[in-house]
Amino acid sequence: MANHITFIGAGNMASAIIGGLIDSGFSPSSITATSPDDAMLAPVRERLGIHTDTDNNAAVSQADVVVLAVKPQIMRQVCEAMRDSVQRQKPLIISIAAGLDADTIDGWLGGGNALVRCMPNTPSLVGYGASGLFANTRVSTEQRDIATELMEAVGIVEWVDDEALLDAVTAVSGSAPAYFFLMFEAMEEAGVKMGLPAATARRLAIQTALGAATMAKQSDKDPATLKQNVMSPGGTTEQAIAHLEDANLRGTMEAAMQACAKRAQEMAKELSGTP
Ligand SMILES: NC(=O)C1=CN([C@@H]2O[C@H](COP(=O)(O)OP(=O)(O)OC[C@H]3O[C@@H](n4cnc5c(N)ncnc54)[C@H](OP(=O)(O)O)[C@@H]3O)[C@@H](O)[C@H]2O)C=CC1
Ligand SMILES: O=C(O)[C@@H]1CCC=N1
C-alpha cells in the first residue's frame, strides 16, 4: 500500500474517496488534501483528521501517490505549477478527471510519469464505489497493485487496456449515480401525486433500489430474469414495464450515455488543445 497519498483538490470526489479510505482502515495521518482556500480545508481536516495544505508543491513532496482531483478545466494550470516538484518526487500519479487523457496530463507534469487514469464515482464514500482504471506504460506492477488496493478500499475496480474505454466507464458508472438519484426524485414525485407522504415514498423507493441492486449482485440470475420474476402474468408490474418500454427507456438510456461519453471526448479536445 502507499505510504502517503496526497489529493490535489478536496471537493466532492476527493472527499468521497478519502472518507471511504478512512472507513476502510486507512490511516488519516497518511493522507493530505490540498485546496487554495484553507476555509475549504478546515471542515475536511476536522471531520476526517487528515493533513491539509494550501501549497500543492509542499504536499506533493511528501507523497508516493498523488491523486489529481481538480476540475478538468483547471487541470493544466494546476499540473504545470506542480511540474518541478512532481519531477523531483516522481510519485505515482492518479488522475480522476473526466476526459483528459494520460499523455496530456503527463505532458503538463513534465513527462515521463507513471500515470493511472481512474474514473471513480461518489458512492466510494460509503464503500460502494465503482472505478474504471487505465495505466500508462510507465506504471510498474507494484504501482498498479497500489492503485487497485486504493480504489478497492472504496469499492470495486475494473481495469481497461484501451484508454478510450474510460469514456464508456464514465457513462456506465462515473456519472451514473446521478441517473439513479434522478430516478429516486421521479419515483418520489409520482408517489406523492398518488397520495403518499414524500418521506414515505422516498424511503420506499431508495430501499427498493438497494434491495434490487443487492439481489442483482448476489443472484446467479441475470437482470432480465429477475425482472421477469416480479412480473406476474396479468398483474401490475407488466403494466409499468410496458409503459417504460413503450416510452423507449432503453433508447433513452443509450442516448444519455452516448451524450455523456461524447462530452468526455469533447472535453479532452477542448482542454488539451487538440484541434
Ligand atoms: N463528482 C463526481 O461524481 C466525479 C468527479 N470526477 C472528477 O473529479 C474531479 C473533481 O470533481 P469534483 O470533486 O466533483 O469537483 P469539486 O469542484 O467538488 O472539487 C474540486 C476541488 O478542487 C479545488 N481546487 C481548485 N483549484 C485548486 C488548486 N489550484 N489546487 C488544489 N485544489 C484546487 C476546489 O477548491 P475551490 O472549491 O475552493 O475552488 C475544489 O474543492 C473532476 O476532474 C471530475 O471530472 C470523476 C468521477 C466522478
Ligand atoms: O459530471 C462530471 O463531469 C463528473 C465526471 C463524472 C461524474 N461527474
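Residues numbered from 1 in each chain as written. Chains lettered and ligands numbered in written order. Predicted model: local features only at pLDDT ≥ 70, side-chain atom pairs only at ≥ 80, totals over all residues. Heavy atoms only, no water.

Our next topic: the site of ligand 1. In the vicinity of ligand 1, 23 residues are found, and the nearest of them are Asn12, Met13, Asn56, Val70 and Ala98. Taking asparagine 56, its side chain carries an N or O atom lying 3.0 Å from a nitrogen atom of ligand 1. A distance of 2.7 Å is found between an oxygen atom of ligand 1 and a backbone nitrogen or oxygen belonging to valine 70. The fraction of the free accessible surface of ligand 1 (890 Å²) that becomes covered by protein chains is 77%. When residues of the shell around ligand 1 are traced back to their parent elements, those giving at least two are α1 (12-23) and α4 (72-89). When residues of the shell around ligand 1 are assigned to their parent elements, the largest contribution, three residues, is made by α4. For the shell around ligand 1, the residue count by class is 15 nonpolar, seven polar and one charged. (Near = heavy atom within 4 Å. Polar contact = N/O pair within 3.5 Å; in protein donor to acceptor, adjacent residues only side chain to side chain. Areas by Shrake-Rupley, 256 points an atom, 1.4 Å probe, with all protein chains shown as cover. Helix = DSSP H or I, 4+ residues; strand = E, 2+ residues; numbered from the N terminus. Nonpolar A, V, L, I, M, F, W, Y, C, P; charged D, E, K, R; others polar.)

This brings us to the site of ligand 2. Around ligand 2 sit Ala98, Gly174 and Ser175, and that is every residue in its neighbourhood. The fraction of the free accessible surface of ligand 2 (250 Å²) that becomes covered by protein chains is 46%. Because more than half of its atoms lie within 2 Å of the grid, ligand 2 is assigned to the second largest pocket. (1 Å grid on protein atoms, 1.4 Å probe; cavity = no way out; pocket = protein on both sides within 12 Å on 5 of 7 lines; lining within 4 Å. Sits in = over half its atoms within 2 Å of the grid points.)

We now examine the nonpolar core. Ranked by internal contacts, the top residues of the largest apolar core, which has 36 residues, are Ile5, Phe7, Leu21, Val65 and Ile94. Among the elements that make up this core, the one with the highest residue count is α1 (seven residues). Core analysis: the next-biggest nonpolar cluster, separate from the first, contains 26 residues, Ala63, Ala97, Met119 and Phe134 among them. (Core = buried A, V, L, I, M, F, W, Y, C linked by side-chain atoms within 4.5 Å. Buried < 20%, exposed > 50% of the residue type's maximum accessible area, 1.4 Å probe, protein only.)

Below, the discussion takes up helix α7 (residues 165-174). Listing the buried residues of α7 in full gives Leu166, Asp167, Val169, Thr170, Ala171 and Ser173. Those residues of α7 that are buried are in contact with β6 (115-119), β7 (129-135), α8 (177-193) and α12 (249-272). (Contact = heavy atoms within 4.5 Å.)

It is worth spelling out the layout of surface pockets at this point. One number sums up the size of the largest pocket: a volume of about 2,800 Å³. Lining the largest pocket are 50 residues; nearest its centre among them are Phe180, Met183, Ala209, Ala212 and Ala213. For the lining of the largest pocket, the secondary structure elements donating two or more residues are β7, β8 (155-159), α7, α8, α9 (198-218), α10 (223-230), α11 (237-246) and α12. Ranked by residue count, the leading element in the lining of the largest pocket is α9, at 12 residues. Residue composition of the lining of the largest pocket, by class: 36 nonpolar, 10 polar and four charged. If you add up the space inside the second largest pocket, you get close to 560 Å³. When contributions to the lining of the second largest pocket are tallied by element, the ones reaching two or more residues are α1, α4 and α7. Examining the composition of the lining of the second largest pocket, we find that three residues originate from one element, α1, more than from any other. Of the residues assigned to the lining of the second largest pocket, the class counts are 13 nonpolar, eight polar and one charged. (Points joined across faces, edges and corners; volume = space filled by probe spheres on them.)

What follows deals with the UniProt feature "domain: Pyrroline-5-carboxylate reductase dimerisation" (unreviewed entry) in the protein chain. As annotated in UniProt, the feature "domain: Pyrroline-5-carboxylate reductase dimerisation" (unreviewed entry) corresponds to residues 163-267 in the numbering used here. Its end C-alpha atoms 15 Å apart, residues 163-267 is made of 81% helix and 0% strand. (UniProt positions renumbered as here; feature names shortened; annotations may be inferred.)

For the rest of this paragraph, the subject is the domain arrangement of the protein chain. Domain boundaries in the protein chain define domain 1 (5-169) and domain 2 (174-264). Spacing between the C-alpha centres of domain 1 and domain 2 amounts to 32 Å. At the junction of the two partners, domain 1 supplies eight residues and domain 2 supplies four residues. Buried surface at the junction of domain 1 and domain 2, summed over both partners, amounts to about 560 Å²; 58% is from carbon and sulfur atoms. Summed over the three residues of domain 1 that lose the most area to domain 2, namely Gly99, Asn121 and Asp167, the buried surface amounts to 48% of that side. At the boundary of domain 1 with domain 2, the tally comes to zero salt bridges. There are one residue pair in polar contact (both at pLDDT 80 or more) connecting domain 1 and domain 2. Per-class residue counts for the side of domain 1 that touches domain 2 are four nonpolar, three polar and one charged. (Domains from an automatic or database assignment. Buried area = accessible area lost by both parts, 1.4 Å probe. Salt bridge = Lys/Arg side-chain N within 4 Å of Asp/Glu carboxyl O.)

A few words now on the environment of threonine 54. Tracing the sequence through the fold places threonine 54 in the loop between β3 (51-53) and α3 (56-60). Looking at threonine 54, the relative accessible area reads 43%, which means it is partly exposed. Beyond its immediate stretch of four places on either side in the chain, threonine 54 contacts Ser35, Pro36, Asp37, Asp38 and Leu41.

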